[in-house]
Amino acid sequence: MKKIKKVELSHDCVMSSLEMKNLQGGTTTTSSTNCSLTCPNGSSISITSCIGTCTAGGNTVTCSGPTSVLTKFCK
């Protein structure tokens, strides 16, 4: 295994959450949306902080983001 040398920074800084997100996720989208739906049985489902397109209709709520899709269904 190759050894990695310690790196000394010329100045310290604290990155904001947005800067860290862009570093890890590689996306430049900064706005998020929320959507919810009331199910036929009276319960509700929702997705919050969707980075992408959030849609609600029928019996599903879906968040379509740059790297994945999340769908929640009524029970």
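Scroll up a little and you will see the structure.
Structure report, in brief. (Residues numbered from 1 in each chain as written. Predicted model: local features only at pLDDT ≥ 70, side-chain atom pairs only at ≥ 80, totals over all residues. Heavy atoms only, no water.)

## Structural notes on the nonpolar core
Within the largest apolar cluster, ten residues are counted, these being Cys 35, Leu 37, Cys 39, Ile 45, Ile 47, Cys 50, Cys 54, Val 61, Cys 63 and Cys 74. Those elements giving two or more residues to this core turn out to be β1 (33–38), β2 (44–50) and β4 (60–64). Counting residues per element, this core draws most heavily on β2, at three residues. Not counting chain neighbours up to four residues away, the residues in contact with Ile 45 comprise Cys 35, Ser 36, Leu 37, Cys 39, Asn 59, Thr 60, Val 61, Lys 72, Phe 73 and Cys 74. (Core = buried A, V, L, I, M, F, W, Y, C linked by side-chain atoms within 4.5 Å. Buried < 20%, exposed > 50% of the residue type's maximum accessible area, 1.4 Å probe, protein only. Helix = DSSP H or I, 4+ residues; strand = E, 2+ residues; numbered from the N terminus. Contact = heavy atoms within 4.5 Å.)

## Here we look at unusual backbone geometry
Its identity is not glycine, yet Ser 49 carries a phi of approximately 55 degrees, on the positive side. Turning to its location among the elements, Ser 49 is positioned in strand β2.

## Looking at the sheet that holds β4
One open sheet accounts for three strands, arranged β3-β4-β5; its pairing is antiparallel. Edge strands, defined here as strands with exactly one partner in the open sheet, are β3 (53–57) and β5 (69–73). Across the sheet, the axes of successive neighbouring strands diverge by a mean angle of 10 degrees, strand direction being ignored. Of the pairings in the sheet, the one linking β3 to β4 comprises five bridges and is antiparallel in character. In the sheet register, Thr 55 faces β4, and the bridge partner there is Thr 62. (Pairing = 2+ DSSP bridges. Axes fitted to C-alpha atoms, helices over the stretch in contact; angles between N-to-C directions.)

## Considerations on the environment of Ser 31
Looking at where Ser 31 falls in the secondary structure, it is placed in the loop between α1 (17–25) and β1. Taking the C-alpha atoms as reference, Ser 31 lies 8.4 Å from Ser 49; in sequence the two are 18 residues apart. When residues no more than four places from it in sequence are discounted, the contact partners of Ser 31 are Cys 50 and Ile 51.

## Some points on the state of the cysteines
Scanning the entire structure with this criterion turns up three disulfides. Here Cys 35 is linked by a disulfide to Cys 54, with a sulfur-sulfur distance of 1.8 Å. One quick way to see it: the torsion about the S-S bond of Cys 35 and Cys 54 is about -65 degrees, and its sign makes the bridge left-handed. With Cys 35 in strand β1 and Cys 54 in strand β3, this residue pair connects regions lying 19 residues apart in the sequence. As far as burial versus exposure is concerned, Cys 35 and Cys 54 are alike and both buried. The side chain of Cys 39 participates in a disulfide bridge whose partner is Cys 74; the two sulfur atoms lie 2.1 Å from each other. Disulfide Cys 39-Cys 74: torsion about the S-S bond near -85 degrees, hence left-handed. Taken together, the residues span a long stretch of sequence, with Cys 39 in the loop between β1 and β2 and Cys 74 in the segment after β5 at a distance of 35 residues. An identical accessibility class is assigned to Cys 39 and Cys 74; each is buried. Each disulfide in the protein links cysteines that, numbered along the sequence, combine into the pattern 1-4, 2-6, 3-5. (Disulfide = S-S within 2.5 Å.)

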